[in-house]
Amino acid sequence: MSLTTKLCRPLLSPRFISTTTTRLMSDTTAYNCKALNVTQAAPFVFNVELNRPNKMNALNKAMWEEVGEVFTKLDRDQECRVVVLSAAGKMFSSGIDLSDLSQLASVVYSEDDIARKSMFMYQNIRHLQDLFTTIEKCKKPVIGCVHNACVGAGVDLITTTDIRLCTTDAWFCVKEVDMGLAADVGTLQRLPKVIGSQSVVSDLCLTARRMGSEEAERCGLVSTVFQTKEEMMSAAMDMATMIAAKSPVAVQGTKMNLVYSREHSVEEGLDQVAKWNMTMLQSEDLMKSAMAAMDKSNTEPPEFANL
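Since the model is a prediction, treat every value here as computed from it, not as a measurement. (Residues numbered from 1 in each chain as written. Predicted model: local features only at pLDDT ≥ 70, side-chain atom pairs only at ≥ 80, totals over all residues. Heavy atoms only, no water.)

Q: Honestly, empty space enclosed by the protein in this entry has me stumped. Any pointers?
A: The rolling of a water-molecule-sized probe over the atoms marks out the regions of remaining empty space. Summed over all chains, the structure comprises one cavity of 30 Å³ or more. Empty space within the largest cavity amounts to approximately 60 Å³. For the largest cavity, the full set of lining residues is Val155, Phe172, Cys173, Val174, Leu191, Leu204, Arg209, Met211 and Leu221. (1 Å grid on protein atoms, 1.4 Å probe; cavity = no way out; pocket = protein on both sides within 12 Å on 5 of 7 lines; lining within 4 Å. Points joined across faces, edges and corners; volume = space filled by probe spheres on them.)

Q: Would you explain helix H5 (residues 114–137) in this entry?
A: The α-helix advances 3.6 residues per turn, and as a result positions three or four apart in sequence lie on the same side. An ideal rise of 1.5 Å per residue puts 34 Å on 24 residues; H5 measures up with 34 Å between its terminal C-alpha atoms. Leu131 marks where H5 bends most, by close to 25 degrees. Three or more residues of H5 are buried, namely Lys117, Leu128, Gln129, Leu131, Phe132, Thr133, Thr134, Ile135 and Glu136. For H5, the secondary structure elements touched by its buried residues are helix H3 (61–76), helix H4 (98–108), strand E4 (142–146), helix H6 (153–158), helix H7 (187–195) and helix H11 (248–262). Between the side-chain oxygen at the start of H5 and the backbone nitrogen of Ala115 there is a gap of 3.2 Å, and the oxygen is on Asp113. (Helix = DSSP H or I, 4+ residues; strand = E, 2+ residues; numbered from the N terminus. Expected span 1.5 Å × (residues − 1). Bend = angle between axes of the 7 residues up to and from the residue. Buried < 20%, exposed > 50% of the residue type's maximum accessible area, 1.4 Å probe, protein only. Contact = heavy atoms within 4.5 Å. Polar contact = N/O pair within 3.5 Å; in protein donor to acceptor, adjacent residues only side chain to side chain.)

Q: Explain the sheet that holds strand E8 (residues 211–212) to me, please; I cannot follow it from the model alone.
A: By definition, the strands of a sheet pair up through backbone hydrogen bonds, in either a parallel or an antiparallel sense. An order of E5-E7-E8 is seen for the three strands of this open sheet, with the pairing classed as mixed. Bordering the open sheet on either side are strand E5 (149–151) and E8, each of which pairs with just one other strand. (Pairing = 2+ DSSP bridges.)

Q: So what exactly am I meant to see when it comes to the layout of surface pockets here?
A: Within this model, the largest pocket holds a volume of roughly 600 Å³. Lining of the largest pocket is provided by 27 residues; of these, Ile96, Leu101, Glu176, Met179 and Leu181 occupy positions nearest its centre. Those elements that place two or more of their residues in the lining of the largest pocket are H4, H5 and H6. For the lining of the largest pocket, the element with the highest residue contribution is H4, accounting for six residues. For the lining of the largest pocket, the class distribution of residues is 17 nonpolar, five polar and five charged. Within this model, the second largest pocket holds a volume of roughly 390 Å³. Lining the second largest pocket are 18 residues, with Asp162, Ile163, Thr254, Lys255 and Leu258 sitting closest to its centre. (Nonpolar A, V, L, I, M, F, W, Y, C, P; charged D, E, K, R; others polar.)

Q: I would appreciate a short explanation of the state of the cysteines in the present structure.
A: When the sulfur atoms of two cysteines share a covalent bond, that bond is a disulfide. Summed over the entire model, instances satisfying the criterion amount to zero disulfides. Here Cys80 is not cross-linked by a disulfide; its sulfur's nearest cysteine counterpart is in Cys138, at 6.1 Å. Not engaged in a disulfide, the cysteine Cys173 finds its nearest cysteine sulfur in Cys150; these two sulfurs lie 9.6 Å apart. According to the relative accessible area criterion, Cys173 is buried, its value standing at 4%. (Disulfide = S-S within 2.5 Å.)

Q: Any chance you could explain H11 here in plain terms?
A: Taking 1.5 Å of rise per residue, the 15 residues of H11 would be expected to cover 21 Å, and the 21 Å separating its terminal C-alpha atoms lies within 8% of that figure. Residues Pro248, Val249, Val251, Gln252, Gly253, Lys255, Asn257 and Val259 constitute the buried set of H11. Each element contacted by the buried residues of H11 is listed here: H5, E4, helix H10 (229–244), helix H12 (266–280) and helix H13 (284–294). For H11, the capping residue at the N-terminal end is Ser247, with a side-chain oxygen 3.2 Å from the backbone nitrogen of Val249.

Below you can see the structure in the form of structure tokens.
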């Protein structure tokens, strides 16, 4: 038996795994929502479902606030390692709730001082942006699942996710230009980095045309297209379960560095991951993974403590 095997065998023992997991595990956070339905679909996998089917999952103030609250909690919840974002009803989202938009219009057309109205509008827009950005900042990978329509703010929402899947009947529309405004909650900033073609992005954002599932897959907005919502959700859960079985240190570090590198130069990204790994390479997860890879007789993945 090699020295490495002797040193690392205790890391793989059930006793070590049990005590370590108990030490780091926290109680699952309670998620009490009205506009969202949050469930633990599998061990370490949570499903966040837009849940206003009678309103075509239009994003109202309550849903917007709950998105920020839920993903902030999921980021801290040790029982969560992967999130699947989906929607109830016949479509993913019809975009912003027009009744909320009319409330903003009442501010615009009021007789208040323009400086004060402008500051109110700025703060409101920044707040809505920050609520969606919680998905991007959540250290747990988020898999977006789109069926049927994904319009306006729905596109803002899915561009914050890490992996996107859709059904054959899915279509995407950056609708804001038809509503007399520029999209202001993330599409204009994130979609060019998701698709990688400024021409296609400008086409979609300036014409407000529909992009079908085939084109969405071709340009990289989604990675896979499925015939039905059931097939899509099954594949998403399988993917989430696969990711959740891996080291949370490795998975969360990978997401955080991918997001960082997207906004920084290659050199800055290299420096950032070097700083990350100067600590994380000392994690027990590395040795557990290495030992499991060398143990050909055991097909089960190693168990990792919560993070």
